[in-house]
Amino acid sequence: MKEIIIATKNEGKAKEFKVLFERYGIKATSLLDLEQELPDIEETGSTFEENSALKSEGIANILQIPVMADDSGLVIDALDGEPGIFSARYAGEPKDDKKNIVKVLENLKDVPTEERTARFVCVLSVSIPGETTIFKKGYCEGTIAFEEKGSHGFGYDPIFIPDGYNQTMAELGPGEKNKISHRRNAMVQLEDWIQNLR
Ligand SMILES: O=c1nc[nH]c2c1ncn2[C@H]1C[C@H](O)[C@@H](COP(=O)(O)OP(=O)(O)OP(=O)(O)O)O1
Ligand SMILES: [Mg+2]
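Basis of the calculations
- Residues numbered from 1 in each chain as written.
- Chains lettered and ligands numbered in written order.
- Predicted model: local features only at pLDDT ≥ 70, side-chain atom pairs only at ≥ 80, totals over all residues.
- Helix = DSSP H or I, 4+ residues; strand = E, 2+ residues; numbered from the N terminus.
- Contact = placed C-beta atoms within 7 Å.
- Buried ≥ 20, exposed ≤ 12 C-beta atoms within 10 Å, placed from the backbone.
- UniProt positions renumbered as here; feature names shortened; annotations may be inferred.
- Near = placed C-beta within 6 Å.

Chemist: Describe the environment of lysine 27, naming the residues involved and giving the relevant values.
Modeler: Relative to the assigned elements, lysine 27 resides in strand 2 (residues 26-30). Separated by 22 residues in the primary sequence, lysine 27 and isoleucine 5 place their C-alpha atoms 8.6 Å from one another. Apart from residues lying up to four places away in sequence, lysine 27 is in contact with Met1, Lys2, Glu3 and Phe21.

Right, here's the structure in full:
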C-alpha cells in the first residue's frame with residue numbers, strides 16, 4: 001500500500017487524514033504512529049501557509065521523504081479573524097480545546113446569530129526533498145453556536161455549525177464532516193498529486 005507521512009501530532013487530524021486518504025488507497029501515517037521521536041516544530045509564521053511549510057519542510061528534511069502538513073484554524077468575523085493562526089493556543093499554553101471554546105463563547109456572548117459568521121481554514125503543504133513546496137487551501141463556512149454540542153471530532157467542532165445544517169460539526173460526525181470540511185476541500189485540490197504518489 002502507498003504511504004504518506006503527515007507532519008501532525010494532532011490525533012483528531014490524524015484520524016481524519018487516515019479516512020480521507022484511504023479513499024485513494026493510501027495509508028496516512030502521522031507523527032503519532034512513528035517510533036522515531038521527531039521534534040515539535042515551532043509555528044512562528046504569520047500565515048497558515050508559513051506555518052504549514054515549517055512543519056512539512058522541517059519533517060521532510062529530517063526524514064528525506066515526501067511529507068504533508070496541515071495548518072488550520074477558525075476565523076471568526078466578529079473577532080476580526082481571531083483566533084485564526086493562533087487557534088490551537090487561543091486560551092494559552094498548553095493547548096486546550098475546551099478552554100479555547102470557552103474563550104470564543106465568552107468573546108461572542110453579546111454577538112447576535114446573524115453576526116456569528118465564521119469559517120474553518122485548512123492549508124495543506126506538501127514538501128518533497130529537493131522540490132518546491134506546494135500549497136492547497138480549503139474552507140468550510142458556518143456560524144458559531146451559543147453553546148457547545150456534540151462529541152465527535154476535535155477542536156472547535158462542538159461550536160461550529162456548517163452552513164446548510166442546524167447541528168454542530170461535533171453532532172454531525174465524521175461521515176458528514178469528511179464530505180464538507182475545510183480539510184476535505186483542500187485535499188480534493190491535491191487529487192492529481194495524490195494519484196501520482198508512489
Ligand atoms: O476540523 C477542525 N475541527 C475543529 N477544530 C479545528 C479543525 N481544524 C483545525 N481546528 C482547530 C484546532 C486547533 O485549535 C487549530 C489547529 O492548529 P494547528 O497548529 O493547525 O494544529 P495542531 O497544533 O493541533 O497540530 P499540528 O500542528 O501538530 O498539526 O485549529
Ligand atoms: Mg500546531
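Chemist: Provide a residue-level description of unusual backbone geometry, including the pertinent values.
Modeler: Proline 83 follows glutamate 82 through a cis peptide bond whose omega is -5°. Along the chain, proline 83 turns up in the loop between strand 3 (67-76) and helix 3 (97-107). The backbone of glutamine 64 shows a phi angle near 60°, a positive value even though the residue is not glycine. Position of glutamine 64 among the secondary structure elements: in the loop between helix 2 (48-63) and strand 3. By C-beta crowding, glutamine 64 is classed as exposed, having 10 other C-beta atoms within 10 Å. Here the phi dihedral of aspartate 80 falls at roughly 55°; this positive angle occurs in a residue that is not glycine.

Chemist: Residue-level account of the UniProt feature "binding site: Mg(2+)" (unreviewed entry) in the chain, with values.
Modeler: Residues annotated in UniProt with the feature "binding site: Mg(2+)" (unreviewed entry) correspond here to Glu42 and Asp71. In terms of the greatest pairwise C-alpha distance, the residues named above, spread along 30 residues, form a tight cluster of at most 12.2 Å across. Mapping glutamate 42 onto the fold places it in the loop between strand 2 and helix 2. By the C-beta count within 10 Å, which is 10 here, glutamate 42 ends up exposed. Within the secondary structure layout, aspartate 71 lies in strand 3. In contact with aspartate 71, other than residues within four places in its own chain, are Phe48, Asn51, Ser52, Lys55 and Val123.

Chemist: Describe in detail the site of ligand 1, supporting the description with residues and values.
Modeler: Around ligand 1 sit 21 residues in total, of which Thr8, Asn10, Ser87, Ala88 and Gly155 are the nearest. Here the element with the most residues in the shell around ligand 1 is strand 3; it accounts for 5 residues.

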